[in-house]
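# Architecture at a glance
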Amino acid sequence: MKSGDTLEINIHLSEQTRGRICAGYDPKEPELKDRKDAKVISPIREAQAKMTRDRIVEAAFQAFSVKGYQATSATEIASAAGASRATFYLHFATKAEIILDVIDRNQPELFQRYIFLAAQCCETEADICNWLIGTIERWKSEELHYQAMEQAVASEPKVAQRWMESITEAAALVTRQLCPTSSAECLKDNHLAVLALMIQFERVMFFTVVGGLLDAKSFCSVLAAQWWAVLSRIRG
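## Overview of the overall build of the protein chain
Counting secondary structure elements, the protein chain contains 10 helices and zero strands. Seen in sequence order, the protein chain has helices and strands lined up from the N terminus as α-α-α-α-α-α-α-α-α-α. Here the protein chain holds 236 residues, and 36% of them are scored as buried. Taking as baseline every contact in the protein chain between residues at least 6 positions apart, the subset at least 24 positions apart corresponds to 73%. When the accessible area of the protein chain is evaluated, it comes to approximately 13800 Å², of which 56% is carbon and sulfur surface.

Shown next as structure tokens:
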């Protein structure tokens with residue numbers, strides 16, 4: 001090939017690719033249509049990762065129900081999920097993070113339930129009683145989760161903190177719904193009153209949902225009277 005021909009080809013290539021090279025294009029890389037687009041692969045990988053994560057979470061709660069939260073190891077959880085120990089740690093740094101994951105998943109429903117209480121279920125004491133009973137019945141289907149969360153709250157400071165943050169925010173939502181125009185000082189006092197009711201109700205749910213040690217209707221009737229006294233005062 002003559003030198004002039006070589007120069008002509010080089011000039012041609014330069015003109016064809018100059019814009020793409022200036023934009024960071026590497027002519028050695030294949031065209032986008034010839035390689036798998038990361039944006040196409042990403043949702044598939046995310047779905048697979050979520051399935052694995054969900055499988056680990058459910059296996060963990062099954063294991064917790066047999067041996068208890070503290071006695072169950074990450075290796076046992078991974079084995080029950082049909083995964084390796086490395087896979088477990090790819091998704092969770094500690095088993096406490098499994099509990100935190102479930103708290104975060106349940107938080108939107110928790111908030112919605114309490115907002116619904118404040119907006120539509122506190123006109124009468126009977127309304128509140130029905131809401132309390134309905135909430136207990138809802139969490140009975142989550143008995144394994146609830147039992148493990150209670151154990152983790154007792155032994156894991158960061159789980160206890162997250163649980164308290166969640167229920168504190170729920171109490172704030174109820175308080176603002178009931179008295180949106182109250183002063184800051186009044187909101188603070190009312191928030192503490194609602195938070196105390198919620199913490200009390202959590203104890204009743206634990207003994208009712210985990211082990212069936214209390215009669216839900218009887219205790220909810222007593223609780224409803226207490227809730228009615230506080231919520232009706234806040235509403236004014």
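## So, the pattern of salt bridges
Under the defined criterion, the tally for this structure stands at 12 salt bridges. In this structure, Asp-54 engages Lys-50 in a salt bridge whose closest nitrogen and oxygen atoms are separated by 2.8 Å. On the criterion of helical spacing, the pair formed by Asp-54 and Lys-50 is a turn pair, its members being four residues apart in helix α2 (residues 38–67). For Asp-54, a relative accessible area of 22% corresponds to the partly exposed category. Note that Glu-76 and Lys-67 form a salt bridge whose closest N and O atoms lie 2.7 Å from each other. Given a relative accessible area of 31%, Glu-76 falls into the partly exposed group. Judged by relative accessible area, Lys-67 falls into the partly exposed class, the value being 44%. Each of Lys-50, Arg-53, Asp-54, Asp-101 and Arg-105 takes part in salt bridges that share partners, so that together they form one network.

## A look at the confidence of the model for the protein chain
On average, residues of the protein chain score 84 in pLDDT, and 83% of them reach the 70 mark or higher. In this model, residues 1–36 is a region of pLDDT below 50 whose contacts with residues beyond four sequence positions or in other chains number nine contacts.

## Some details on the nonpolar core
Counting 41 residues, the largest nonpolar core has Tyr-114, Leu-132, Met-198, Phe-201 and Trp-227 as the members making the most contacts within it. Contributing elements (two or more residues each) for this core: α5 (96–120), α6 (125–140), α8 (157–178), α9 (184–209) and α10 (216–235). If we skip the residues at most four places from it in the chain, Trp-227 touches Tyr-114, Leu-117, Ile-128, Trp-131, Leu-132, Leu-197, Met-198, Gln-200, Phe-201 and Ser-232. Judged by nonpolar contacts, the second largest core, of 23 residues, contains Ala-60, Phe-88, Ala-96 and Val-102.

## Some words on the environment of Glu-202
Within the element layout of this structure, Glu-202 appears in helix α9. Classification of Glu-202 as buried rests on a relative accessible area of 8%. Distance from Glu-202 to Ile-167, taken between C-alpha atoms, is 9.6 Å for residues 35 residues apart in sequence. Dropping the residues within four chain positions of it, Glu-202 is found in contact with Tyr-146, Glu-150, Trp-163 and Ile-167.

## Here we look at the packing of α9 against α10
Remark: α9 packs on α10, axes separated minimally by 10 Å, with the N-to-C direction vectors making an angle of 175°. Of the possible angle classes, the one that applies to α9 and α10 is roughly antiparallel. Along its contact with α9, which presents Asn-190, Ala-193, Val-194, Leu-197, Met-198, Gln-200, Phe-201, Val-204 and Thr-208, the element α10 presents Ala-216, Phe-219, Leu-223, Gln-226, Trp-227, Val-230, Leu-231, Arg-233 and Ile-234. Class assignment of the residues belonging to the contact of α9 with α10 gives a composition of 13 nonpolar, four polar and one charged.

## Focus: the side chain of Thr-135
Mapping Thr-135 onto the fold places it in helix α6. Aside from chain neighbours lying at most four places away, what touches Thr-135 is Arg-113, Phe-201 and Met-205.

Conventions used here
- Residues numbered from 1 in each chain as written.
- Predicted model: local features only at pLDDT ≥ 70, side-chain atom pairs only at ≥ 80, totals over all residues.
- Heavy atoms only, no water.
- Helix = DSSP H or I, 4+ residues; strand = E, 2+ residues; numbered from the N terminus.
- Buried < 20%, exposed > 50% of the residue type's maximum accessible area, 1.4 Å probe, protein only.
- Contact = heavy atoms within 4.5 Å.
- Areas by Shrake-Rupley, 256 points an atom, 1.4 Å probe, with all protein chains shown as cover.
- Salt bridge = Lys/Arg side-chain N within 4 Å of Asp/Glu carboxyl O.
- pLDDT = per-residue confidence, 0-100.
- Core = buried A, V, L, I, M, F, W, Y, C linked by side-chain atoms within 4.5 Å.
- Axes fitted to C-alpha atoms, helices over the stretch in contact; angles between N-to-C directions.
- Parallel < 35°, antiparallel > 145°, perpendicular 65-115°, else oblique.
- Nonpolar A, V, L, I, M, F, W, Y, C, P; charged D, E, K, R; others polar.

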